Amino acid sequence: MHTPNPLPLSFYQHHDVVYLAKTLLGKVLLTHIDGHLTGGPIIETEAYWGVEDRACHAYGGRRTKRTEVMFRKGGIAYVFLIYGLHSCFNIVTHCEGHPHAVLIRAIKPTIGIETMLQRRNKIKLDKTLTSGPGSTAQALKITTALTGIPLDRPPIWLEDRGIQVKKFEATPRIGVDYAGEDARLPWRFVAEIA
DNA sequence: CTAACGATTCGCT
DNA sequence: GCGAATCGTTAGT
């Protein structure tokens, strides 16, 4: 059995969530759930800049049962349900009281492909297996029940396996048209990896 | 309590 | 390209 080599919680406590969203590209996201190891390198992220960011769930200091975990110290999971159907997995960053987070939008499916195909009701491997936040969370079996858990150990953790990001693109974030000016910020990052 | 809607996905046209 | 699926969260009564 593979031994986890997780990034430490301190990694996520950097004050600049945009820097972290870029730096997370190429890091390997892993889950070990129901006895299955699944994961792959992160290839798409979005940064959400706390109370100042109109696109962020915690904008203006909005503190509710759902957003509460965003206010905790960085290094934990923020998982929410969207459209009553799909889970979105985020990494809470920065320190306590600063509700910043990185949304994991896509990974390259490389580890536990058979399990991920089953969870996604798919037959053939292609990039659509883990190509958006909902599908990535489903393939990894990350659900809202896991919100708030630390990310330096199973069932969810990240590793630096030295994967090279050849180049990456910065674009506006997806589906945040309600955010006015902030909808145009180039805080979505899409990587090309080796 | 009620009602509108969302950091999406998939199938059909 | 368009719209349905489907329900917890949110804000307002």
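A few points on the structure.

## A word on the protein's contact with DNA strand C
Right, so step 1: By nearness alone, every residue bordering DNA strand C is listed as R62, T64, R66, T67, Y83, G84 and L85.
Right, so step 2: Atoms of DNA strand C within 4 Å of the protein belong to the sugar or the phosphate in 68% of instances, the rest to bases.
Right, so step 3: In the model, a phosphate oxygen of DNA strand C is placed 3.1 Å from a nitrogen or oxygen of the R62 side chain.
Right, so step 4: R66 is positioned with one of its side-chain polar atoms (N or O) 3.2 Å from a sugar or linking oxygen of DNA strand C.
Right, so step 5: Counted by class, the surface near DNA strand C contains two nonpolar, three polar and two charged residues.

## A few points about unusual backbone geometry
Right, so step 1: Residue P155 is reached from P154 by a cis peptide bond, and omega for that bond is 10°.
Right, so step 2: With respect to the element layout, P155 can be found in the loop between β6 (152-153) and β7 (156-159).
Right, so step 3: Its identity as a non-glycine residue notwithstanding, H94 has a phi of 65°, on the positive side.
Right, so step 4: Within the secondary structure, H94 is located in the loop between β4 (86-93) and β5 (100-107).
Right, so step 5: Looking at H94, the relative accessible area reads 11%, which means it is buried.
Right, so step 6: Despite not being glycine, N121 has its phi angle at roughly 55°, a positive value.
Right, so step 7: Classification of N121 as exposed rests on a relative accessible area of 69%.

## Some remarks on the pairing of strand β9 (residues 188-193)
Right, so step 1: Here strand β2 (residues 36-48) runs beside β9; their pairing, made up of three bridges, is antiparallel. Following the sheet pairing, E44 is matched in β9 by V190.
Right, so step 2: Both strand β8 (residues 165-171) and β9 contribute to a ladder of six bridges, which runs antiparallel. Residue A170 lies in a different strand from β9, and its bridge partner there is F189.

Cut-offs used in this document
- Residues numbered from 1 in each chain as written.
- Chains lettered and ligands numbered in written order.
- Predicted model: local features only at pLDDT ≥ 70, side-chain atom pairs only at ≥ 80, totals over all residues.
- Heavy atoms only, no water.
- Near = heavy atom within 4 Å.
- Polar contact = N/O pair within 3.5 Å; in protein donor to acceptor, adjacent residues only side chain to side chain.
- Nonpolar A, V, L, I, M, F, W, Y, C, P; charged D, E, K, R; others polar.
- Helix = DSSP H or I, 4+ residues; strand = E, 2+ residues; numbered from the N terminus.
- Buried < 20%, exposed > 50% of the residue type's maximum accessible area, 1.4 Å probe, protein only.
- Pairing = 2+ DSSP bridges.

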